[in-house]
Amino acid sequence: MENDLLEALEYAWNGESGFLRKLRSGLFDPEAGEAYVALLSRIPPIDNTVDSRLVQLIWFAPTFMEWRVERATKSPDEADKLRRIASRDHEALVAILGVP
């Protein structure tokens, strides 16, 4: 896995303007959400070898986004946008990891 990709995923959770960090603080940034979903599309399907840190950084995000909808959004329109991003995030993870 590329170091810059892992760094970008880390930033989404921990960086000052990272999408998931903002959600944790109760702030929904639709543009950052779109950028986060685009970042996920850069991850190739996982074969036999998995970087466990990659999995830690991506698997929980859709659930986390759903948990933050009420606290981090200011209107029903924003809530719908965040739910769509969470859904697209989930779809991206299915494309990366597959389904059991």
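Residues numbered from 1 in each chain as written. Predicted model: local features only at pLDDT ≥ 70, side-chain atom pairs only at ≥ 80, totals over all residues. Heavy atoms only, no water.

Side note on the overall build of the protein chain
Convention followed: Runs of H or I in DSSP of at least four residues are treated as helices and runs of E of at least two as strands, each being numbered from the N terminus. Here the globule rule is a power law, 2.2 Å times the number of residues to the power 0.38, and the radius of gyration is based on C-alpha atoms. When a residue's accessible area, from a 1.4 Å probe over protein chains only, is under 20% of the maximum for its type it is buried; when over 50% it is exposed; and in between it is partly exposed. We get accessible surface area from the Shrake-Rupley algorithm with a probe of 1.4 Å; when it comes to residues, only the shown protein chains can shield them. Lys and Arg are tallied as positive, Asp and Glu as negative. Neither His nor the chain termini are counted. Taken as the charge location is NZ of Lys, CZ of Arg, CG of Asp or CD of Glu.
Along its length, the protein chain carries six helices and zero strands. Taken from N to C terminus, the helices and strands of the protein chain fall in the order α-α-α-α-α-α. Whereas a compact globule of 100 residues would reach a radius of gyration of roughly 13 Å, the protein chain reaches 13 Å, a difference of no more than 12%. Each principal axis of the C-alpha atoms in the protein chain carries an extent, and together these give about 45 × 30 × 20 Å. Looking at the protein chain as a whole, 39% of its 100 residues qualify as buried. Only carbon and sulfur atoms are counted for the fraction: they give 51% of the accessible area of the protein chain, which is about 6,000 Å². A gap of 6 Å separates the mean positions of the 12 positive and 17 negative side-chain charges of the protein chain.

A word on the pattern of salt bridges
Operational definition: One side-chain nitrogen of Lys or Arg within 4 Å of one carboxyl oxygen of Asp or Glu is enough to make a salt bridge.
What the rule picks out here adds up to six salt bridges. The residue Lys 81 makes a salt bridge to Asp 77 at a minimum N-O spacing of 3.6 Å. In this pair, Lys 81 and Asp 77 are both assigned in helix H6 (residues 76-97), four residues apart and thus about one turn of the helix distant.

Description of the nonpolar core
Put simply, the test is: Nine residue types can take part in a nonpolar core, namely buried Ala, Val, Leu, Ile, Met, Phe, Trp, Tyr and Cys, and a core is a set of them joined through side-chain atoms within 4.5 Å. We call two residues contacting when some pair of their heavy atoms lies within 4.5 Å.
Ranked by internal contacts, the top residues of the largest apolar core, which has 30 residues, are Leu 9, Phe 19, Leu 20, Leu 23, Tyr 36, Ile 43 and Met 65. Elements represented by at least two residues in this core include exactly helix H1 (3-14), helix H2 (19-24), helix H3 (30-40), helix H4 (52-58), helix H5 (61-72) and H6. In this structure, Leu 9 is in contact with Tyr 36, Leu 39, Leu 40, Ile 43, Leu 54, Leu 57 and Ile 58, ignoring residues within four places of it in sequence.

What about H1?
The criterion, for reference: By this rule the span expected of a helix is its residue count minus one, scaled by 1.5 Å. Note that the arc is computed from the directions linking the helix axis to the C-beta atoms.
With twelve residues, H1 extends 16 Å between its outermost C-alpha atoms, agreeing within 8% with the 16 Å of an ideal straight helix rising 1.5 Å per residue. Every buried residue belonging to H1 is among Leu 5, Leu 6, Leu 9, Ala 12 and Trp 13, and all of these are buried. All buried residues of H1 project into a common sector of 115° when viewed along the axis, lining one side. Seen from the buried face of H1, the exposed residues on the opposite side, beyond 90 degrees, are Asn 3 and Glu 7.

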